[in-house]
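Residue-level listing of the chains:
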Amino acid sequence: MTSEKKQRFFVALLPPQDIQAYANGIKQEFADRYESRAAQKSPPHITLQAPFEWQWNELAQLEQQLSGFAAQQNPISITLDGFAAFPPRVLFIQVQRSSKLVTLQAELAAWLEEKLNLVDPRSTRRSFQPHMTVAFRDLTKQNFRLAWQEFQGRSLHFEWTATHLTLLVHTGQQWIVHQTFPFQAEA
């Protein structure tokens, strides 16, 4: 990579491996039964900072700010409960909207704006809706309707504790974990 190259990144919370495996199984079900594969291009996650472009040669500055922010955070309880949708194309695992999760996302956005002048224009127009996408973009409206009939009543329940932020990078083909930043505040 050249030093001037911009790379796409986003910041998220990733669940433990067993929950990732379950969610990846759901994504595979969408690929097999509903011809929707776009969600398979990233690990299961809850987006905290939407995708943005960043200069590769300034990556250390981004990592330093994420590390500094994470060091001030406490681990946070996350509950996944059932399925929900953003019609007409997006189905997701429902993340319970807790005040701690909403605060974490808002504080991260404010931190990144203040320290790095990094702003997601969409987040200023809509409120944070935590979710874990299992099908989107390439899910046809017809397949959305069929899948939603099945998934709206399907039960799912997981609880886990998020202990770090994850910075993901786009390879040109998919999103992969670049680095994690542990929450280190004293509870």
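This text goes with the structure placed above it.
**Side note on the packing of helix α2 (residues 59-71) against helix α3 (residues 99-116)**
Moving on, step 1. Across the interface, α2 lies against α3 with an axial gap of 11 Å and an inter-helix angle of 140 degrees. By the angle between their axes, α2 is oblique relative to α3. Note that α2 runs across α3; the crossing there is right-handed. In this structure, α2 contributes Gln61, Leu62, Gln65, Leu66, Gly68 and Phe69 to the contact, and α3 contributes Leu104, Glu107, Leu108, Trp111, Leu112, Lys115 and Leu116.
Moving on, step 2. Along the lines of polarity and charge, the residues of the contact of α2 with α3 split into eight nonpolar, three polar and two charged.

**Looking at the sheet that holds strand β5 (residues 131-135)**
Where strands meet in a sheet, backbone hydrogen bonds hold them as pairs that are either parallel or antiparallel.
Moving on, step 1. With antiparallel pairing, the four strands of this open sheet are ordered in space as β5-β4-β3-β6. Two strands lie at the open edges of the sheet, namely β5 and β6 (157-162), each paired on one side alone. Sheet twist, expressed as the average angle between the axes of neighbouring strands with direction ignored, equals 35 degrees.
Moving on, step 2. Pairing of strand β4 (residues 90-95) with β5 involves four bridges; the strand directions are antiparallel. Looking across to β5, one finds that Phe92 is bridged to Thr133.
Moving on, step 3. Packing against the sheet, helix α1 (residues 17-34) makes contact with β3 (76-86), β4, β5 and β6, and its axis sits at approximately 35 degrees to β5.

Calculation rules
- Residues numbered from 1 in each chain as written.
- Predicted model: local features only at pLDDT ≥ 70, side-chain atom pairs only at ≥ 80, totals over all residues.
- Heavy atoms only, no water.
- Axes fitted to C-alpha atoms, helices over the stretch in contact; angles between N-to-C directions.
- Helix = DSSP H or I, 4+ residues; strand = E, 2+ residues; numbered from the N terminus.
- Parallel < 35°, antiparallel > 145°, perpendicular 65-115°, else oblique.
- Left-handed = near helix turned anticlockwise from the far one by under 90°.
- Contact = heavy atoms within 4.5 Å.
- Nonpolar A, V, L, I, M, F, W, Y, C, P; charged D, E, K, R; others polar.
- Pairing = 2+ DSSP bridges.

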